[in-house]
Amino acid sequence: MTHPNDVAVGIVGLGGIGSHHATKLTERGANLVGGMDIDADARARFHEEFGLHAYEDEDDLYDDCDAVLITTPNRFHEEYATSALSAGLDVLLEKPLAHTLESAERIAEAARAAEGFCMVGFNNRFAEPVQVVKHYQDEDRFGETTHVEANYVRRRGVPGRGSWFTSADVAGGGALIDIGVHAIDLALYFLDHPEVVEVSGETRSEFGGRDDYAYVHMWGDDAGPEGFDVDDSASAFIRAEDGSTVSLEVAWATNRPATDEFVVRGTEAGATFDRGSDDLTIHEAGVGGGHHLTDASVETREGNGHAAEQATFLEAVAEGEQPAINTVEEGLRVQRVIDAIYRSSETGAAVRLD
């Protein structure tokens, strides 16, 4: 069997997240063979930092690869994912699946027909506390998991007004599709990806379009309110066919303390997981020896979700088998929820998905 670090892998899209992936691949000793970007400055930076060739045309990179990581802006996911799959390559595609539901569906259709596979970059699933929760769920410690409170809230964290993140045409949306996609995926992962039947939500743009947007740190350069035409927060309630539910709070900017807290509620136990700090607490109750409540802190090893995600991807490529985690179908389910939240906000009514 091929060793995972012998897999020839390339990166399409050499911006910030592409560079981060390249760093993690290099740290693990992976066979990173090159990158591709249409921007000459991005190619030059990649070559200078990693000493590898950066191509202007994706086909030239594909010729040297067994697999690719696609880390472009959302609007271009479909173009590169489908071309890589058509070239017979395995693909790790950064979240979200695409900038629109229709584009995501075309990627999923291409993946179903392809010789290779497509894995979606939901790296938070690989955090060790998340895997501990899943282990306890598999052992039935939680009983039936019925509800997840999913929070991914920044007090002030717009990722650079004027960047592609704040352009509806390129990103497909704002805070909801950028960081909300992680919160929705993690919540559905804790619930074992039930069939979502109804979504009610509201998206808001209250801060990014203001001349007096007050912030301490800006994620990137600030081009002012003219470079912002997306949502900066979203609230939603998601109902599944089996009766399980998700309450969602997402924001790039809002007047409340920041929180990355996920609360998993089960019939026998529950858990609170802080995505930012990796703190995990298990909540239980019992009557043995007297009625009592227990909150147990769980300490795990430090890890990196992207590195663990890459390891899973490269192992699957080496084995020639599609991974059972982070599938395109799961990514498509998340995309349908995102689309439904936007539609619910536009219409002012709940959206049925069944």
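As recorded in an unreviewed UniProt entry, the chain goes by Gfo/Idh/MocA family oxidoreductase and comes from Halorubrum ejinorense.

Asker: Before we move on, can you summarise the pairing of strand β6 (residues 118-121) with the specific residues and values?
Answerer: Summarising the sheet, strand β5 (residues 90-94) and β6 pair through four bridges and their orientation is parallel. When the bridges of β6 are listed, leucine 93 appears paired with valine 120. For the crossover that starts at β5, traverses helix α5 (residues 101-113) and ends in the parallel β6, the hand is right-handed.

Asker: Go over the pattern of salt bridges with me, naming the residues and quoting the values.
Answerer: Per the counting criterion, the structure on display carries 20 salt bridges. Note that arginine 125 is salt-bridged to aspartate 185, the shortest N-O span being 2.7 Å. With arginine 125 in the loop between β6 and α6 (128-138) and aspartate 185 in helix α8 (residues 175-190), this residue pair connects regions lying 60 residues apart in the sequence. Assigned by exposure class, arginine 125 and aspartate 185 land together as buried. Across the pair arginine 161 and aspartate 222 runs a salt bridge whose closest N-O atoms are separated by 2.8 Å. Remark: aspartate 222 occurs in the loop between β8 (196-204) and β9 (233-240) and arginine 161 occurs in the loop between β7 (145-153) and α7 (168-171); sequence separation between them is 61 residues. Through salt bridges with shared partners, one network takes in Glu198, Arg239, Arg352 and Asp354.

Asker: So what's going on with the UniProt feature "domain: Gfo/Idh/MocA-like oxidoreductase N-terminal" (unreviewed entry) in the chain? Which residues, and what values?
Answerer: Following the UniProt record, one finds the feature "domain: Gfo/Idh/MocA-like oxidoreductase N-terminal" (unreviewed entry) at residues 8-122. In residues 8-122, the share of helix is 44% and the share of strand is 23%. The end C-alpha atoms are 22 Å apart.

Asker: Mind laying out the packing of helix α1 (residues 16-27) against helix α9 (residues 305-319), listing which residues take part and the relevant values?
Answerer: Two measures define how a pair of helices packs: the angle their axes make with one another and the distance between the axes. Between α1 and α9, the least distance of the axes is 10 Å, while the angle of their chain directions is 70°. Comparing their axes, α9 and α1 come out roughly perpendicular. Viewed along their axes, α1 and α9 form a crossing whose handedness is right-handed. When α1 is examined against α9, the residues Ile17, His20, His21, Lys24 and Leu25 are found in contact with a partner set consisting of His306, Ala307, Glu309, Gln310 and Leu314. Across the contact of α1 with α9, the residue classes break down as four nonpolar, four polar and two charged.

Asker: Just give me the short version of the environment of alanine 308, but keep the residues and values in it.
Answerer: Among the structural elements, alanine 308 can be located in helix α9. The exposure class of alanine 308 is partly exposed, given its relative accessible area of 26%.

Asker: Go over the UniProt feature "domain: GFO/IDH/MocA-like oxidoreductase" (unreviewed entry) in the chain with me, naming the residues and quoting the values.
Answerer: In the numbering used here, UniProt assigns the feature "domain: GFO/IDH/MocA-like oxidoreductase" (unreviewed entry) to residues 131-270. Regarding residues 131-270, the helix share stands at 20% and the strand share at 29%, and the terminal C-alpha atoms are separated by 14 Å.

Asker: So what's going on with the packing of helix α4 (residues 77-86) against α5? Residues and values would help.
Answerer: At a closest axis distance of 10 Å, the pairing of α4 and α5 adopts a crossing angle of 5°. The angle between the axes of α4 and α5 places the two elements in the roughly parallel class. Along its contact with α4, which presents His77, Glu78, Ala81, Thr82 and Leu85, the element α5 presents Ser103, Arg106, Ile107, Ala110 and Ala111. Tallied by class, the residues present in the contact of α4 with α5 amount to five nonpolar, three polar and two charged.

Asker: Describe the pairing of strand β2 (residues 31-36), listing the residues and the values that go with them.
Answerer: As judged from the five bridges shared by strand β1 (residues 8-12) and β2, these two strands associate in the parallel manner. Paired with valine 9 across the strands is leucine 32, a residue of β2. Traced from β1 through α1 to β2, the parallel crossover comes out right-handed. Note that β2 and strand β3 (residues 54-55) share two bridges and pair parallel. Bridge pairing in β3 places methionine 36 opposite tyrosine 55.

Asker: Provide a residue-level description of α1, including the pertinent values.
Answerer: For α1, spanning twelve residues, the distance from its first C-alpha to its last is 17 Å, which sits close to the expected 16 Å at 1.5 Å a residue. The complete set of buried residues in α1 reads Gly18, Ser19, His21, Ala22, Lys24 and Leu25. One or two residues past the end of α1 sits glycine 29, with phi positive at roughly 80°.

Asker: Which residues make up the side chain of asparagine 123, and what are the values?
Answerer: With respect to the secondary-structure elements, asparagine 123 resides in the loop between β6 and α6. Note on asparagine 123: relative accessible area 12%, which makes it buried. Among all residues touching asparagine 123, those that are not within four sequence positions of it are His182, Gly305, His306 and Glu309.

Conventions and cut-offs
Counting of residues starts from 1 at the beginning of each chain's written sequence and follows it residue by residue. Note on the predicted model: pLDDT of at least 70 is required for a residue's local features to be given, and 80 or more for side-chain atom pairs to be given and counted; whole-chain, interface and lining totals, by contrast, use all residues. Side-chain calculation: all heavy atoms of the structure are included, whereas hydrogens and water are not. In short, DSSP must find at least two bridges between two strands for them to pair. Working definition: helices are DSSP H or I runs of at least four residues, strands are E runs of at least two. Numbering for both runs from the N terminus. With the strands aimed away from the viewer, a crossover counts as right-handed if its path from the first strand over the helix to the second runs clockwise. A pairing counts as a salt bridge when a side-chain nitrogen of Lys or Arg comes within 4 Å of a carboxyl oxygen of Asp or Glu. For the exposure calls, accessible area comes from a 1.4 Å probe over protein chains only, and a residue counts as buried if that area is under 20% of its type's maximum, exposed if over 50%, partly exposed in between. UniProt positions are given in the numbering used here, feature names are shortened, and annotations may be inferred rather than shown by experiment. Where helices are involved, their axes are fitted lines through C-alpha atoms of the stretch in contact, as for all axes, and angles between N-to-C directions lie from 0 to 180°. Angular relationships are summarised with four words: roughly parallel below 35 degrees, roughly antiparallel beyond 145, roughly perpendicular across 65 to 115, and oblique for the angles in between. Rotating anticlockwise by less than a right angle from the far helix to the near helix defines a left-handed crossing, while the corresponding clockwise rotation defines a right-handed one. We call two residues in contact whenever any of their non-hydrogen atoms come within 4.5 Å of each other. Note on residue categories: nonpolar means Ala, Val, Leu, Ile, Met, Phe, Trp, Tyr, Cys or Pro, charged means Asp, Glu, Lys or Arg, and polar means any other residue, Gly included. Expected span, for any helix, means 1.5 Å times one less than how many residues it has.

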